[in-house]
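Overview (structure and organization)
Chain by chain, the residues run as shown.
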Amino acid sequence: MDSQNGQRRNPQNTVSESWDCIVIGAGVAGLGFAIRAVRSGLRVLVIEGKSFPREKVCGGCLNHRAQNHLRELGVLGQVLHEGIAITDFVVHCDQHVSSWKIPSMVSIRRSTLDETLAQEALSSGCEIQWRTRGTVLDAGESQEAIVRIQQVDAPECVKKISAKMVVVAAGLTRSPIQQEDRWTQHITEGSRIGVHALSPIELLRARLPSSGWLLDLVDKKQLHMLIGRAGYLGICLADGGQVDFAAAIAPDKLRSSGGIAEVVDSILGDCRCDGQIKDLELNWSATPALTRTSTVVAMGKTYLIGDALGYVEPFTGEGMSWALESAKQLAEIVCSKGSSEDSDRVLRWDRWARRERATKQWVANWVAAQSRSPRRCAWILKGLDACPPVRRFLMKKAMQ
Ligand SMILES: Cc1cc2nc3c(=O)[nH]c(=O)nc-3n(C[C@H](O)[C@H](O)[C@H](O)COP(=O)(O)OP(=O)(O)OC[C@H]3O[C@@H](n4cnc5c(N)ncnc54)[C@H](O)[C@@H]3O)c2cc1C
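Residues numbered from 1 in each chain as written. Predicted model: local features only at pLDDT ≥ 70, side-chain atom pairs only at ≥ 80, totals over all residues.

Describing the overall build of the protein chain
Scanning the protein chain from terminus to terminus reveals twelve helices and 19 strands. Its C-alpha radius of gyration of 21 Å places the protein chain within 12% of the 21 Å reference for a compact globule of 400 residues. Principal-axis analysis of the C-alpha atoms gives the protein chain an extent of 65 × 40 × 40 Å. Within the protein chain, the proportion of its 400 residues that are buried is 46%. In the protein chain, the share of contacts with a sequence separation of at least 24, taken over all contacts with a separation of at least 6, comes to 71%. (Helix = DSSP H or I, 4+ residues; strand = E, 2+ residues; numbered from the N terminus. Rg over C-alpha atoms; globule rule 2.2 N^0.38 Å. Buried ≥ 20, exposed ≤ 12 C-beta atoms within 10 Å, placed from the backbone. Contact = placed C-beta atoms within 7 Å.)

Here you go:
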């Protein structure tokens, strides 16, 4: 898809166009919301800082809840066609290996998934401006919300546009609202950071020919999760002949080691998995601190969704389903005909976000806390392995 140049210099600095809805960020949350909003009859503009296709830090595993959302959005067929059906989840920690059968997990690169959603948004009638950065200037407490947009390749090209509603779906950076002190958030102390790289299978086969875990994950379509002292690492096969490496690592371990690849190798070493990822010279990307909560989730006519609302380690396939769920719920609150006053919508969004965090995210918090101790994790896994009915019950719960 070609990036488009959408704006010119606006010397008067006045508001030059008005939309029903501006969505900032074309990740799964932003595009999920945009498709639902345009289908409900709104004129929707999506602003995205990158051009597509682009990769981003993500393991790319879609659980069944995320897949249900993609079905509603009309793209599941294509995602299943492109992606890889994962059959087993294999956890390594402190020399213990535990293998779980997982129904309906699909692995897909974010470049493929987000491009598919973007095509659906465009054919549903959304406009998308690529390589354009959005900043919320006025959240719309007394009038329409105002967004400043700036072309990445021509920073002098800036203009102000307005909308009856702005949705910030900019992920962990929350860059569109960073200048505004009132959008407070809490970042959990000691939070890990996310890192990610892709490698062609052929490179791995050539450089790590005798690694058993590698052969298994490629041939048996397994998702491997390795828990070490510096963090945990997920590895699985993705589409396009690529192997996806995604990890949450402790920032202090990163500072004291040579780099991301060295930390990842230390996790492989803790789990007694052979191979040196460092030798592959992969192109790693990283995120800011992962575990965070937005204390303000909406203001005036501006709403946060997806990771911009908050994120909790670990990545168990919950992140994208949570992002897609938030897109659906917000669309139900703000896109229905004759819906309520701004203040009432803000209240409803705040209530939804608090309830969801309380009921869903405590599980992720608990798992993240256990992952800090590989030995404790190994004991928990050994206990579960000795008790198949409990394992079946937990898997059933996870799939609900
Ligand atoms: C290491 C790691 C592994 C993970 N693995 C999984 C997994 O296997 N399965 C899963 O379900 N979840 C996983 N997650 C979580 C998942 O990646 C996120 O929850 C999900 O991407 C959130 O989607 P989003 O749309 O809110 O944000 P994002 O996907 O981050 O999208 C935000 C978009 O906004 C754009 N943007 C940002 N600022 C601006 C701006 N000012 N103007 C214009 N555009 C802007 C960005 O370019 C980006 O395209 C993982 C996370 C990490 C860190």
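Notes on the site of the ligand
Close to the ligand lie 43 residues; Gly-27, Gly-171, Gly-194, Gly-306 and Gly-319 are nearest. Looking at the shell around the ligand, the elements that each hand over two or more residues are helix H1 (28-39), strand S7 (132-138), strand S11 (193-200), strand S14 (242-249) and helix H9 (318-334). Among the elements that make up the shell around the ligand, the one with the highest residue count is H9 (five residues). Of the residues belonging to the shell around the ligand, the class tally is 20 nonpolar, 17 polar and six charged. Residue-level mapping places the shell around the ligand at the junction of two domains, with at least three residues from each of domain 1 (15-57 + 112-188 + 291-368) and domain 2 (61-75 + 83-108 + 189-290 + 370-398). (Near = placed C-beta within 6 Å. Nonpolar A, V, L, I, M, F, W, Y, C, P; charged D, E, K, R; others polar. Domains from an automatic or database assignment.)

What about the nonpolar core?
Counting residues in hydrophobic clusters, the biggest one holds 121 residues, and the most contacted among them are Ile-22, Phe-33, Ala-34, Val-167 and Ile-305. Two domains each put at least three residues into this core: domain 1 (15-57 + 112-188 + 291-368) and domain 2 (61-75 + 83-108 + 189-290 + 370-398). Excluding its chain neighbours within four sequence positions, the residues that come into contact with Ile-305 are Ala-29, Phe-33, Val-167, Ala-169, Ser-326, Ala-327 and Leu-330. (Core = buried A, V, L, I, M, F, W, Y, C linked by C-beta atoms within 7 Å.)

Focus: the domain arrangement of the protein chain
Domain assignment breaks the protein chain into domain 1 (15-57 + 112-188 + 291-368) and domain 2 (61-75 + 83-108 + 189-290 + 370-398). Its C-alpha centre places domain 1 at a distance of 28 Å from the equivalent point of domain 2. Elements represented by at least two residues in the side of domain 1 that touches domain 2 include exactly H1, helix H4 (110-124), H9 and helix H10 (342-371). Here the residues of the side of domain 1 that touches domain 2 sort into 14 nonpolar, eight polar and six charged.

So, the environment of Lys-160
Considering the arrangement of structural elements, one finds Lys-160 in strand S9 (residues 158-168). Judged by C-beta crowding, with 18 C-beta atoms within 10 Å, Lys-160 ranks as partly exposed. For the pair Lys-160 and Thr-135, spaced 25 residues apart in sequence, the C-alpha separation works out to 9.5 Å.

Quick word on the sheet that holds strand S10 (residues 185-187)
Strand order across the open sheet formed by three strands is S10-S16-S19, with antiparallel pairing between neighbours. Two strands in the sheet have a free side with no partner beyond their single neighbour: S10 and strand S19 (310-311). Here three bridges tie S10 to strand S16 (residues 292-294), and the two strands are oriented antiparallel to one another. From the neighbouring strand, His-186 faces S16, where its bridge partner is Thr-293. (Pairing = 2+ DSSP bridges.)

Re helix H11 (residues 374-385)
Compared with an ideal rise of 1.5 Å per residue, which puts twelve residues at 16 Å, H11 spans 16 Å between its outermost C-alpha atoms and is within 8% of the ideal. Among all positions of H11, only Pro-374, Cys-377 and Leu-381 are buried. Taken around the axis of H11, the buried residues stretch over an arc of 55°, which confines them to a single face. Residues of H11 that are buried in the fold lie against strand S4 (84-93), strand S5 (96-107), strand S12 (222-228), helix H8 (260-270) and H10. (Expected span 1.5 Å × (residues − 1). Arc of directions from axis to C-beta.)

A short note on the sheet that holds S11
Across the sheet, eight strands lie side by side as S3-S5-S4-S12-S13-S14-S11-S15; this open sheet has mixed pairing. Of all strands in the sheet, those with a lone pairing partner are strand S3 (61-62) and strand S15 (285-289), marking the two edges.

A closer look at unusual backbone geometry
At the junction of Phe-52 and Pro-53, the peptide bond is cis and its omega measures out at -5° in the coordinates. Tracing the chain through its elements places Pro-53 in the loop between strand S2 (44-47) and S3. Phi at Asp-94 is positive, roughly 45°, even though this residue is not glycine. Among the secondary structure elements, Asp-94 is positioned in the loop between S4 and S5. Residues other than glycine seldom take positive phi values, yet Ser-104 does so here, at roughly 55°.

Thoughts on the packing of H1 against H9
Closest axis-to-axis distance for the H1/H9 pair is 8 Å, and the angle between their directions is 30°. Compared by their axis directions, H1 and H9 come out roughly parallel. The handedness of the crossing between H1 and H9 is right-handed. On H9, the residues that touch Val-28, Ala-29, Gly-32, Phe-33, Arg-36 and Ala-37 of H1 are Met-320, Ala-323, Leu-324, Ser-326, Ala-327, Lys-328, Leu-330 and Ala-331. The class makeup of the residues in the contact of H1 with H9 is ten nonpolar, two polar and two charged. (Axes fitted to C-alpha atoms, helices over the stretch in contact; angles between N-to-C directions. Parallel < 35°, antiparallel > 145°, perpendicular 65-115°, else oblique. Left-handed = near helix turned anticlockwise from the far one by under 90°.)

What about the environment of Asp-342?
Within the secondary structure layout, Asp-342 lies in helix H10. The class of Asp-342 is partly exposed, set by 19 C-beta atoms lying within 10 Å. Dropping the residues within four chain positions of it, Asp-342 is found in contact with Gly-300 and Lys-301.

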